Amino acid sequence: MKTKQSSGVSNVLLLFSSSQFGGAEKSLSRMAFSSTNVKYTLSTLDSDGPWCEWVISKGFKPLVYGDYNFISLVRKLYKDIKRLDFDVVYVCGLRASFLLRFLLIFLPKTKLIHGVRWNPNTNTLLDKSFRMVERYFSWLVDGWIVNSKIIQHTLISRCGIKNSKIHVIYNGITLPSNINSFPEGEIEVLTVANLNKRKGYLEYLIIISKIVELLPNIKFVFVGRDEMDGEVQKKITQYGLENYISYKGFQSDVTDCFERASLFVLPSLWGEGCPTSILEAFSYSIPVVAYNIDGIPELVKSGDDGLLLELGDDNGYKKIVEILKSNEILSIMGERGRDKIKNNFTIDSCVRNHKTFINKVLGYN
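Criteria and thresholds
Residues numbered from 1 in each chain as written. Predicted model: local features only at pLDDT ≥ 70, side-chain atom pairs only at ≥ 80, totals over all residues. Heavy atoms only, no water. Pairing = 2+ DSSP bridges. Helix = DSSP H or I, 4+ residues; strand = E, 2+ residues; numbered from the N terminus. Axes fitted to C-alpha atoms, helices over the stretch in contact; angles between N-to-C directions. Contact = heavy atoms within 4.5 Å. Buried < 20%, exposed > 50% of the residue type's maximum accessible area, 1.4 Å probe, protein only.

Draft legend 1. Quick look at the sheet that holds strand β10 (residues 245-247). Spatially, the six strands line up as an open sheet ordered β10-β9-β8-β11-β12-β13, and their pairing is parallel. At either end of the open sheet lies a strand with only one pairing partner, and these are β10 and β13 (306-309). Across the sheet, the axes of successive neighbouring strands diverge by a mean angle of 20°, strand direction being ignored. Bridge analysis of strand β8 (residues 187-192) against strand β9 (residues 218-223) gives six bridges, and the strand direction is parallel. Each residue of the ladder has a partner; that of Glu188, found in β9, is Lys219. Helix-sheet contacts for helix α11 (residues 316-324) involve β8, β9, β11 (263-266), β12 (288-291) and β13, and the interaxial angle to β13 is about 175°.

Encoded structure:
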């Protein structure tokens, strides 16, 4: 492919399927906020939601298409892409990417990048639908940005996409000035993830019930949107864990939670790429415990900056208790995690890597 010189700042529409405040929306929006060499316009196919409110609070005005009926939405989106002269549409979400593949046929100068933020390797309906769309309609996409190597492998092996069209860009974050000092007293264990089946909360409650028998001076904090209609809260009561677990619901700012936590646990069972919450925990010098699934081993080195458990490990709770009993272990692991962020997962590196791949898709040097 012939290359050409860049004519200036690339103009990119960053489009999400949802306006909920999930990891993809948070991490990619932060990247867009920090970018100077690429101009990003943020948008959603959904109606106004928590993500929109957060973006506005940061001084940006997102384009919101969810208030239109389908025909009007397509017309409005087409007109905006043409009027604002976007070089690239960078889309996250299967629904949005499927729509844009066909819409951009009528806008051939605009390139399409599909951002994939989870590992679509299971037999769920969503993952099977994703793989079918990518296998049969990949010719309409100019490139893929994924946030873990395991997703790259899935796209190549199960969707037939060429490696040269996929770029791995891990999430990036800004290091906070305040870090955890593991104070004496009550131990606080944090989980930041929306309450749904994939995140493994129900299975995690069984582990917690075993931990509190060995460490009664402990508190678990859950932060995230409830997508299970109160099922997790009912189980908390059923297991008699009300005095040990605090559910805070959705929080756009979880700084205070990270500043108090001694350990971060992400009990996800499948479908993870590069969870922003793990990187945030490391940035506060907090060790991470998670299952050895999907892209998580690319972030957590077991025994070094955290602990990786195997699914079905009946003794996993004992390993968690062991590190919680030692502030020295927590401190050493936390420091290593923070160093990992400094060296590999900064927002600046995320911004640069996006610019590099966008230029490649546009054919620039």
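Read on, since the account is not over.
Draft legend 2. Highlighting the side chain of Ser10. In this structure, Ser10 sits in strand β1 (residues 10-16). Residue contacts for Ser10: discarding those within four places in its chain leaves Asn37, Val38, Lys39, Asp87, Ile358, Asn359, Leu362 and Tyr364.

Draft legend 3. Expanded view of the environment of Asn217. With respect to the secondary-structure elements, Asn217 resides in the loop between α7 (201-214) and β9. A relative accessible area of 43% places Asn217 in the partly exposed class. For the pair formed by Asn217 and Ile187, sequence separation is 30 residues and the distance between their alpha carbons is 6.5 Å.

Draft legend 4. Representation of unusual backbone geometry in the model. Even without being a glycine, Asp85 presents a positive backbone phi close to 55°. Along the chain, the position of Asp85 falls in the loop between α3 (70-83) and β4 (88-92). Residues other than glycine seldom take positive phi values, yet Asp294 does so here, at roughly 45°. Its place among the elements puts Asp294 in the loop between β12 and β13.

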